[in-house]
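Each chain, letter by letter, is given below.
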Amino acid sequence: MLADALLAPFADFAFMRRALAAVIALSLGGGPIGVFLMLRRMSLVGDAMAHAILPGAAIGFLLSGLNLFAMTTGGLIAGFAVAILSGVVARSTGLKEDASLASFYLTSLALGVTIVSIKGTNVDLLHVLFGNILALDDQTLLLVAINATITLVVLAVIYRPLVIESVDPLFLRTVSRAGAPAHLLFLVLIVVNLVSGFQALGTLLSVGLMILPASIARFWSRDITPMICIAAASAIVSGYVGLVVSFQTRIPSGPAIILVAATLYGFSVLFGRNGGVVRQLFPAPHLEA
Amino acid sequence: MAPQLQFRNVTLGYDRHPAVHHLSGDVGAGALLAVIGPNGAGKSTLLRGIAGILKPLSGAIDLCGLDHRDIAYLPQIAEIDRSFPISAFDFVSTGLWRSTGLFGGLDLKARGRIVAAIAAVGLNGFENRPIGTLSGGQMQRLLFARVLLQDARLIVLDEPLNAIDAKTSKDLLALIERWHGEGRTVLVALHDLDMVRTNFPDTLLLARGPVAWGPTKEALTAENLMVAMRMCEAFDDHAAACADDVATRAA
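Calculation notes
- Residues numbered from 1 in each chain as written.
- Chains lettered and ligands numbered in written order.
- Predicted model: local features only at pLDDT ≥ 70, side-chain atom pairs only at ≥ 80, totals over all residues.
- Helix = DSSP H or I, 4+ residues; strand = E, 2+ residues; numbered from the N terminus.
- Rg over C-alpha atoms; globule rule 2.2 N^0.38 Å.
- Buried ≥ 20, exposed ≤ 12 C-beta atoms within 10 Å, placed from the backbone.
- Expected span 1.5 Å × (residues − 1).
- Contact = placed C-beta atoms within 7 Å.
- Pairing = 2+ DSSP bridges.
- Axes fitted to C-alpha atoms, helices over the stretch in contact; angles between N-to-C directions.
- Core = buried A, V, L, I, M, F, W, Y, C linked by C-beta atoms within 7 Å.
- Nonpolar A, V, L, I, M, F, W, Y, C, P; charged D, E, K, R; others polar.
- Left-handed = near helix turned anticlockwise from the far one by under 90°.

Draft legend 1. Representation of the overall build of chain A. On a plain count of helices and strands, chain A comes out with 14 helices and zero strands. Going from N to C terminus, chain A has its helices and strands arranged as α-α-α-α-α-α-α-α-α-α-α-α-α-α. Compactness check: chain A gives a C-alpha radius of gyration of 20 Å against a globular reference of 19 Å for 289 residues, within 12% of the reference. Along the first, second and third principal axes, the C-alpha atoms of chain A reach 65 × 60 × 30 Å. Counting all 289 residues of chain A, 48% fall into the buried class.

Draft legend 2. Helix α5 (residues 136–150) of chain B, seen in detail. All names here are of chain B. Between its first and last C-alpha, α5 extends 22 Å over 15 residues, near the 21 Å set by a 1.5 Å rise per residue. Summarising burial for α5: eleven of the 15 residues are buried, a large majority. Gln 140, Arg 141, Leu 142, Leu 143, Phe 144, Ala 145, Arg 146, Val 147, Leu 148, Leu 149 and Gln 150 are the residues of α5 that are buried. On the buried face of α5, the contacting elements are β5 (71–74), α2 (88–93), α4 (108–120), β6 (154–158) and α6 (166–181). Asp 151 lies just past α5 and shows a positive phi near 50 degrees.

Draft legend 3. Summary view of the environment of Asp 81 of chain B. All names here are of chain B. On the secondary structure map, Asp 81 appears in the loop between β5 and α2. Asp 81 gets classed as partly exposed once you count the C-beta atoms within 10 Å, which come to 16. Separated by 50 residues in the primary sequence, Asp 81 and Ile 131 have C-alpha atoms spaced 9.3 Å apart.

Draft legend 4. Geometry of the sheet that holds β6 of chain B. Residues and elements named next belong to chain B. Taking strand neighbours across the sheet as the criterion, the six strands line up as β5-β6-β7-β3-β8-β9 in an open arrangement whose pairing is mixed. Only two strands of the sheet have a single partner each, and these edge strands are β5 and β9 (209–215). This sheet shows a mean twist of 15 degrees between the axes of neighbouring strands, independent of strand direction. On the sheet, α6 packs against β3 (32–36), β6 and β7 (185–189) and is oriented at approximately 150 degrees with respect to β7.

Draft legend 5. Representation of the nonpolar core in the model. Ranked by internal contacts, the top residues of the largest apolar core, which has 157 residues, are Val 35, Met 49, Ile 53 and Ala 231 of chain A together with Ala 145 and Val 156 of chain B. Among the elements that make up this core, the one with the highest residue count is helix α2 (residues 14–39) of chain A (twelve residues).

Draft legend 6. Quick look at the interface of chain B and chain A. Between chain B and chain A, the residue contacts involve 21 residues of the former and 19 residues of the latter. The residue makeup of the side of chain B that touches chain A, split by class, is 13 nonpolar, four polar and four charged.

Draft legend 7. Focus on the pairing of β6 of chain B. Residue and element names in this part refer to chain B. Most of β6 sits inside the fold, with five of its five residues counted as buried. Burial along β6 is two-sided: Leu 154, Val 156 and Asp 158 facing one way and Ile 155 and Leu 157 facing the other are all buried. Examined bridge by bridge, β5 and β6 share four bridges and lie parallel to one another. By the bridge assignment, Leu 74 is partnered in β6 with Leu 157.

Draft legend 8. Molecular detail of the packing of α2 of chain A against helix α11 (residues 208–218) of chain A. Residues and elements named next belong to chain A. Close contact between α2 and α11 brings their axes to 7 Å; oriented N to C, the two are set at 65 degrees. Crossing of α2 against α11: the hand is right-handed. Between α2, through Leu 26, Ser 27, Gly 30, Gly 31, Ile 33, Gly 34, Val 35, Leu 37 and Met 38, and α11, the contact on the second element is made entirely by Leu 209, Met 210, Ile 211, Pro 213, Ala 214, Ser 215, Ala 217 and Arg 218. Looking at the contact of α2 with α11, its residues break down into eleven nonpolar, five polar and one charged.

Here it is in structure tokens:
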């Protein structure tokens, strides 16, 4: 009976299998990216970038309807344009980088919604804002999988400089020139993963499968390698449970996935091994040395 | 003594504002040089220039055939994100970057060297501790372990003994002494004048420009220290005037 509820949706329906595959791919790519976003104190940058890609995707939508390739390309272009423009404004004026980025992404979000509503219906707008992981076609699934693969390969290449640049940037600059390119590639990976997430979870939630799992992982490990594994694993679990819940209850899939992740997060805040609330309220006896 | 480092009328700074102004001179190979001066005198800036982190605004720093990456640079502890989840062992192992690079693995011999370096600074048993759990003194020891691994001919230490207790200072000074004995060139930014007088044969007294440079006894006179203090303050006045200038033009 229980096995039926947990497995039957995937055995019976191809769209559920595709959704599960997509959410696993998203988790494998987004988990590690989220951990680095968190450790580099860029969690909100990820959120801002997620909004920033909207007008690009919307223009793609305007030109060729719900065509994935066009929307992805547009999203990539818009994401980079906002990242670069806000950087330029922050450096050439007195405005701080966060304020500058906020101005740009709010403009982007408004622009994007406007563009979508010019041509599309409210259904299209909902699709863009919240995605629809249950409606993924094979082509989209392939794109999400390719993006996840690219993410893992590139991350493997830039892993060392990215870690050292986060801990001790000055030291890295004395031993290697890889720091700046690594940071730039990392920004590209953020946008690539947001575009993937955009298809499944929409602009407003796509960053959720990166940041929530990373925050969960922080409560369970003090070393970056297990942290990345925990983040990816908890993202996969959230995805799977979220899909089952969504299938059985008719809660929309995107919010269901994020809410499951949020539940895991709440549990971690309470019972986490590192800095969890319960541990702090009822500490184990202190050690000899 | 052949020079290891030559400053040729070098000016270093940020956004066109000089922090080290027109410095010229040679540091001999194997020298042990203390770089001292008031806050804002340009000590860290000079060391960053040597390490290749900062490009000179004008003039040049000649490393006499050495590559930037063959310099062991120890940054100020405040520049390090100690909340990052990395173990002491992994942190120290970055000292082998020159041989491992982006992908190289650590073989048994390299691991042995890392453990030995950690032991040499008295941190045996701390290998698996996250760096966030180390005290200030222990973190400083860890940074010295990384410098040990880098095995560099030119070593540049930026205020390595700030807020460090007497015992740790003594241990770390012994390491500096050892590097000096091995013929390496060592530059150290410091604040403690007594420590400089007892441990460092040569001193560069910096206040944006060089105030005195030579044997410690001759460089560290009361008059020179007074001049250094005044030079820094004078330059601050000048900087304020420049800002005023911009403001009037904007208005």
